[in-house]
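Summary of the model geometry
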Amino acid sequence: MSYTAFLILILFVAVALILMVMVQNPKGGGLSSSFGGSGAQSLGGVQNTNNFLDRTTWTLAIAMFALILLSNFAVPREGTSDFKLDKTLDGIETTTPAKNTTNDSLK
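Below is a summary of the structure that appears in this document. None of the values given here were measured: they were computed from a predicted structure.

1. Remarks on the overall build of the protein chain
Of regular secondary structure, the protein chain possesses four helices and zero strands. Secondary structure elements of the protein chain occur, N-terminal to C-terminal, as α-α-α-α. Taken over 107 residues, the protein chain has a buried fraction of 16%. For the protein chain, the share of sequence-separated contacts (at least 6 apart) that also reach a separation of at least 24 residues comes to 71%.

Next comes the structure, spelled out in structure tokens:
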């Protein structure tokens, strides 16, 4: 799998994770209360909706963590680019710094 494919998957999972967290309300309001209504059992009830949202959030978080770790193996490595750190200073002349004469005269 290429690095670009990993980036697209990570972005997709990140957006889905953001949406899942935004849907949840820590005070019990959120999407789960609108599905459950005032005690009515709809779509499995409030408790099942909370479980679904919690499990989906954790699954997306774990998937994102795994994709980020796996994408490290898809990063282009040595030999695929022309940039070599050991060749960057070829042809550059270096000189020694000039002596500071102003400090010697103050002593």
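From this point, the narrative continues.
2. Structural notes on the nonpolar core
Phe6, Ile10, Val13, Leu17, Met20, Leu53, Leu60, Leu67 and Ala74 together form the largest nonpolar core, which totals nine residues. Secondary structure elements with two or more residues in this core: helix 1 (3-23) and helix 3 (45-74). For this core, the element with the most residues is helix 1, which contributes five residues.

3. Comments concerning the environment of Ile18
You can see Ile18 is positioned in helix 1. Ile18 sits 42 residues away from Leu60 along the chain, and the two C-alpha atoms are 9.7 Å apart.

4. Some points on helix 1
An ideal rise of 1.5 Å per residue puts 30 Å on 21 residues; helix 1 measures up with 30 Å between its terminal C-alpha atoms. Where helix 1 is concerned, the buried positions are Phe6, Ile10, Val13, Ala14, Leu17 and Met20. The buried side chains of helix 1 occupy one side of the element, clustering within an arc of 130° when seen end-on. The exposed residues of helix 1 that point more than 90 degrees off its buried face are Thr4, Ile8, Leu11, Phe12, Ile18, Leu19 and Met22.

Calculation notes
One numbering rule holds for all chains: residues counted from 1, following each sequence as written. Whole-chain, interface and lining totals are the exception, using all residues; otherwise, since this is a predicted model, local features are given only for residues with pLDDT of at least 70 and side-chain atom pairs are given and counted only at 80 or more. To get the side-chain values, take all heavy atoms of the structure and skip hydrogens and water. Starting at the N terminus, helices and strands are each numbered in turn, a helix being any DSSP run of H or I of at least four residues and a strand any DSSP run of E of at least two. Burial here depends on accessible area, computed with a 1.4 Å probe over protein chains only, as a share of the maximum for the residue type. Under 20% is buried, over 50% is exposed, and the range in between is partly exposed. Two residues form a contact once any of their heavy atoms are found within 4.5 Å. The criterion is simple. A nonpolar core is a set of buried Ala, Val, Leu, Ile, Met, Phe, Trp, Tyr and Cys residues joined through side-chain atoms within 4.5 Å. One fewer than the residue count of a helix, multiplied by 1.5 Å, yields its expected span. The arc in question is traced by the directions running from the helix axis to the C-beta atoms.

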